[in-house]
Amino acid sequence: MNTGILYATSAFLCWGLFPLYFHALDEVPPMQILAHRMLWSLLFLVVVLSARQQWKWLPKVLQQPRVLLSFVASALLLTANWGVYIWSVNNGHVIDASLGYFINPLVNVLLGLIALKEHLRRGQWIAIAVAAGGVAWLTWQSGQLPWIALILGITFGGYGLLRKTAALAALEGLSLETMILFPLALAYVLWLSFHGQNTFINTPHDSTRWLLAAAGPITAIPLLLFAAGARKIPMAVLGLIQYVSPTMQALLGVWVFHEAFTADRAIGFLIIWAALALYVAEGLWTSKRAK
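Predicted model, so just to flag it, every value in this text is computed and none were measured.

What counts, and at which threshold
Residues numbered from 1 in each chain as written. Predicted model: local features only at pLDDT ≥ 70, side-chain atom pairs only at ≥ 80, totals over all residues. Heavy atoms only, no water. Helix = DSSP H or I, 4+ residues; strand = E, 2+ residues; numbered from the N terminus. Rg over C-alpha atoms; globule rule 2.2 N^0.38 Å. Buried < 20%, exposed > 50% of the residue type's maximum accessible area, 1.4 Å probe, protein only. Contact = heavy atoms within 4.5 Å. Areas by Shrake-Rupley, 256 points an atom, 1.4 Å probe, with all protein chains shown as cover. Salt bridge = Lys/Arg side-chain N within 4 Å of Asp/Glu carboxyl O. UniProt positions renumbered as here; feature names shortened; annotations may be inferred. Expected span 1.5 Å × (residues − 1). Core = buried A, V, L, I, M, F, W, Y, C linked by side-chain atoms within 4.5 Å. Bend = angle between axes of the 7 residues up to and from the residue. Polar contact = N/O pair within 3.5 Å; in protein donor to acceptor, adjacent residues only side chain to side chain. pLDDT = per-residue confidence, 0-100. Phe/Tyr/Trp six-rings, centres within 6.5 Å; stacked < 30°, edge-to-face > 60°. Lys NZ or Arg CZ within 6 Å of the ring centre and 35° of its normal.

Let us now look at the overall build of the chain. Counting its regular elements, the chain contains 15 helices and zero strands. On C-alpha atoms alone, the chain measures out to a radius of gyration of 20 Å, which is about the 19 Å that the 2.2 N^0.38 rule sets for 291 residues. In terms of overall dimensions, the chain has C-alpha extents of about 55 × 45 × 30 Å along its principal axes. When burial is assessed residue by residue, the chain has 48% of its 291 residues classed as buried. Considering only contacts in the chain between residues 6 or more positions apart, those separated by 24 or more positions represent 86%. A total accessible area of about 14000 Å² is found for the chain, and carbon and sulfur atoms account for 70% of it.

Put into structure tokens, the structure is as follows:
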């Protein structure tokens, strides 16, 4: 379990710095960044699998439709999460994106209840209700649902659940997901190239090309760490560790990108943070009583 905590914490530290990486690619449209993430991630993973001579799993998986279908689902959730996150960072919504990952731990708890039949204590139910109140406040004061936060929280929660119960280990599972996504990404990049819209080719900055190529290891390594950690620790523990990433992102949004953090928005965040604090305190109290 300690190894799982180390893996998961390392992944969330990496993700906490992601706004800096995507902001450096602001000249590249979000859809192109997403496609390059898929392409370069697969290339990186193929190199790793080849170096480890770790290909025996693939023929067996291709003969198991149920396993393939589950990874199609996780690949689609991953794509939705990536796409919305990249768009939000490059359009001045880093704080909104961070809210999604603050909400996600409680999404994990609900998914654990629904899918894994994990039991919730009264304090956990209260924490979820308070968080729902925070979302309702943000919806009321802005006049619309915080859709960026909800999509990111739900898609990543679903992805974490599927990876926790996946039939493949971290490296093989991520490789299969990127193989599923690769044809779509390649077709899109070729279409862009044919129409002269491929920023990777057209940009005058070599740094942009290197940053896009770096999307492979930058994307794959944290996901491998997350998937490895998710398989070793309970969903509730995974949710607690995840606070690292949105905290870093929110601070970057305010201090580095100078996004507006109004009093009304602060109230909504404080309500959700109170829910998370209640959830943590309840968990610590329960553990102490058990000992």
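From this point, the discussion proceeds with the structure in view.
Scanning the model with the defined rule gives four salt bridges in all. A salt bridge links Arg-163 to Glu-177, with the nearest nitrogen and oxygen atoms 3.7 Å apart. Linking Arg-163 in helix α8 (residues 147–164) with Glu-177 in helix α9 (residues 170–194), this pair joins segments that are 14 residues apart in sequence.

Right, let's get into the UniProt feature "domain: EamA" (unreviewed entry) in the chain. When the UniProt feature table is mapped to this numbering, "domain: EamA" (unreviewed entry) covers residues 3–139. As a span, residues 3–139 carries 83% helix and 0% strand, and end to end its C-alpha atoms are 39 Å apart.

Further remarks concern helix α3 (residues 30–52). One turn of the α-helix equals 3.6 residues, which is why residues spaced by three or four share an orientation. The end-to-end C-alpha distance of α3, which contains 23 residues, comes to 33 Å, matching closely the 33 Å that a straight helix rising 1.5 Å per residue would cover. The complete set of buried residues in α3 reads Gln-32, Ile-33, Leu-34, Ala-35, His-36, Arg-37, Met-38, Leu-39, Ser-41, Leu-42, Leu-45 and Leu-49. Note on α3: the residue one or two positions beyond its end, Gln-53, has a positive phi of about 50 degrees.

This next bit is on the nonpolar core. Counting 59 residues, the largest nonpolar core has Phe-12, Trp-15, Phe-22, Tyr-85, Leu-174 and Phe-226 as its most contacted members. Among all residues touching Phe-12, those that are not within four sequence positions of it are Phe-156, Phe-226, Leu-238, Ile-241, Gln-242, Val-244 and Ser-245.

Turning our attention to α9. Relative to the 36 Å expected for 25 residues at 1.5 Å per residue, α9 spans 35 Å between its end C-alpha atoms, a close match to the ideal helical length. The sharpest bend along α9 measures roughly 40 degrees and falls at Phe-182, with the proline Pro-183 sitting one to four residues further on. Of the residues trailing α9, Gly-196 is marked for its positive phi of about 70 degrees.

With that out of the way, let us pick up the side chain of Ser-88. Examined against the element boundaries, Ser-88 turns out to sit in helix α5 (residues 65–90). Polar side-chain contacts of Ser-88 include one of 2.7 Å to the backbone oxygen of Tyr-85. Excluding its chain neighbours within four sequence positions, the residues that come into contact with Ser-88 are His-93, Val-94, Ala-97 and Ile-148.

Take the confidence of the model for the chain next. Summary statistics for the chain give a mean pLDDT of 89 and a share of 99% for residues scoring 70 or more. Mean pLDDT per element in the chain: helix α13 (residues 235–241) is the minimum at 70, and helix α11 (residues 206–213) is the maximum at 96.

Let us look at the packing of aromatic side chains. Working definition: an aromatic ring pair is given by the centre-to-centre distance plus the angle between the planes. Considering all chains together, one arrives at 18 aromatic pairs under this definition. For Arg-37, the ring lying beneath its charged end belongs to Trp-82, and the centroid distance is 4.3 Å.

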